[in-house]
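The lines below spell out each chain.
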There are 2 protein chains.
Amino acid sequence: MPGETVNPASVDRIYDAVRELAASYAIKPDERINEGTLAKSLGASRTPVREALNRLVAEDLLVFQPGKGFFCRALDPQQIFDLYELRVILEEAAITLACERASDEDIEALRQDLMTNGQNYEGKSVKELVAYDEQFHETLVGLSGNGELVKRLHNINARIRFVRWFDMEQRISITRGEHRELMSRLAARDAEACRGILRGHIEKRLDQIITYARAGYSALYLPDAQGPLAGSPLAAGSQG
Amino acid sequence: MPGETVNPASVDRIYDAVRELAASYAIKPDERINEGTLAKSLGASRTPVREALNRLVAEDLLVFQPGKGFFCRALDPQQIFDLYELRVILEEAAITLACERASDEDIEALRQDLMTNGQNYEGKSVKELVAYDEQFHETLVGLSGNGELVKRLHNINARIRFVRWFDMEQRISITRGEHRELMSRLAARDAEACRGILRGHIEKRLDQIITYARAGYSALYLPDAQGPLAGSPLAAGSQG
DNA sequence: GCATATTTATCTGTATACAGGACTGTATGA
DNA sequence: TCATACAGTCCTGTATACAGATAAATATGC
């Protein structure tokens, strides 16, 4: 394949690629990763691949079993519920801090970005919408001034992304309004109101997550079903 | 050296060993890690060592610079402040959940453990006290029923441990009382009171952290100074 | 004497080789 | 027909070799 860069910055490149595969469950839940095959498909040897894999183990996007190898994490509703719960905790705390600390300019900048880039959701895929939503929330949490909060959220987002593709389908129209309301309350430094909006915006019940996880399994193992993944290379059962 | 197991479960063993070195700054801040030397001292080759190193990079205990190698993280007061802030956020949220969810038996079990193992602090080193304190708090957060919260706290603890060795010196006697008070309020399911105690128990101001960081640098680079590390192999400048 | 250029040595980044263990499939026996 | 034992294959885990890059040390010119 000419035109495809293969060599440079190997570990970071491999890391990004595999992170994408794991976050989207292009590697299926509990599926073992064949290092040799993966290495070949990424144009590298097993050594840097294993290094990237080990980083993803530390991030809990993959699971490592000694003597067995690396596996994609399971699609475990309880764990996803824990992550949603954690996300609410972090974002509520972050916006509380942001109400105290963020500059008017930074708040206004994010509001502007929301108005220009976050408005026209027609013609965009669910994946693109989720990607923008993640970016919006990570910037929002960044207004707390606490970089560790942002890192945690970044990891959580990668791990719940797959479920969020299904969740977003139901909430596209609501999301926009909530984002605008949130920014308005943030500009007014109303922390209490912000927390309430965020909680309602993010919070999920366990039974909802189970529903989305079921939909996820359908999309992964019965790719012809309707859903946010329909027509995507993932749903078509991409073979690398 | 007979009696010293070297072979088995290589990566996990190396990971634990290096995590210890990094958490205690036995590898000094910003110091480069010589893979070959480290591998030899651990009785392994560079390959598994680098795999463990990559895991620690993902946990932010080490920093990786392409072409340069692996470095111990800097002793950065702002980052440590962020971690303390995050720790308060997580523990407050956890105890709020624990008040709702934890069983009386689990609460009582932790209280018992505190009474038996957490009482006699005489004759114990500061490091041992911090180790018990970490364990206590991780169990406490576990009462929330949210495993992701525990994982986050576990990482935070490793990253602020070094500073806590200095902090604990000042707070040994206070700590015990606060732990007992906390358990009493938790048994009464008084979330508001628990949060207040925890915040006062954990929270640090940036200037305090800067003070401890300074003390840390002294201990690392002038090992003959007094402090919680005095007489420890770390303070003596252990050469592996 | 100081700054710069050049050489040397060390260390990283990656590929590859090999040994040991895990798994699959088949065949044999009850 | 089912369970179990065995053999072959595949894959992981680790050591090692080598190339490229980085840093250090020496030498050279001003």
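Rules behind the numbers
- Residues numbered from 1 in each chain as written.
- Chains lettered and ligands numbered in written order.
- Predicted model: local features only at pLDDT ≥ 70, side-chain atom pairs only at ≥ 80, totals over all residues.
- Heavy atoms only, no water.
- Least-squares fit on C-alpha atoms with pLDDT ≥ 70 in both.
- Phe/Tyr/Trp six-rings, centres within 6.5 Å; stacked < 30°, edge-to-face > 60°.
- Helix = DSSP H or I, 4+ residues; strand = E, 2+ residues; numbered from the N terminus.
- Lys NZ or Arg CZ within 6 Å of the ring centre and 35° of its normal.
- Pairing = 2+ DSSP bridges.
- Core = buried A, V, L, I, M, F, W, Y, C linked by side-chain atoms within 4.5 Å.
- Buried < 20%, exposed > 50% of the residue type's maximum accessible area, 1.4 Å probe, protein only.
- Contact = heavy atoms within 4.5 Å.
- Buried area = accessible area lost by both parts, 1.4 Å probe.
- Salt bridge = Lys/Arg side-chain N within 4 Å of Asp/Glu carboxyl O.
- Polar contact = N/O pair within 3.5 Å; in protein donor to acceptor, adjacent residues only side chain to side chain.
- Nonpolar A, V, L, I, M, F, W, Y, C, P; charged D, E, K, R; others polar.

Caption draft 1: Broad picture of the relation of the copies chain A and chain B. If you rotate chain A by 180° and push it 0.0 Å along the axis, it lands on chain B with an RMSD of 0.0 Å. One copy is carried onto the other by what is essentially a two-fold rotation axis.

Caption draft 2: The arrangement of the packing of aromatic side chains in detail. Considering all chains together, one arrives at 10 aromatic pairs over all chains under this definition. Seen in terms of ring centroids, Y25(B) and F162(B) are 5.0 Å apart; in terms of plane orientation they differ by 70°. Their pairing is edge-to-face. Taken as a pair, Y25(B) in the loop between α1 (10-23) and β1 (32-33) and F162(B) in helix α7 (residues 147-187) lie far apart in primary sequence, 137 residues in all. A connected cluster of aromatic rings, assembled from ring pairs, spans Y25(A), F162(A), W165(A) and F166(A). Sitting over the ring of Y221(B), K28(B) keeps its end group 5.7 Å from the ring centre.

Caption draft 3: View of the sheet that holds β1(B). All names here are of chain B. A sheet is described by the order of its strands in space; here three strands give the open sequence β1-β3-β2, paired in antiparallel fashion. The outermost strands of the open sheet, each flanked by one partner alone, are β1 and β2 (62-65). Relative to strand β3 (residues 69-72), β2 runs antiparallel, the two sharing four bridges. Looking across to β3, one finds that L62 is bridged to C72.

Caption draft 4: The nonpolar core, seen in detail. Core analysis: the biggest nonpolar cluster contains 140 residues, and L140(A), L186(A), L140(B) and L186(B) have the highest contact counts within it. Look past the residues within four positions of L186(B) in its chain and what remains in contact with it is I95(B), A98(B), C99(B), I107(B), L140(B), L143(B) and C194(B).

Caption draft 5: View of the interface of chain A and chain B. Across the contact, 32 residues belong to chain A and 32 residues belong to chain B. Summed over both sides, the interface between chain A and chain B buries roughly 2600 Å², with carbon and sulfur atoms accounting for 48% of that surface. On the surface where chain A and chain B come into contact, there are eight salt bridges. The tally of links from chain A across to chain B stands at 22 residue pairs in polar contact (both at pLDDT 80 or more). When its residues are assigned to classes, the side of chain A that touches chain B shows 13 nonpolar, six polar and 13 charged.

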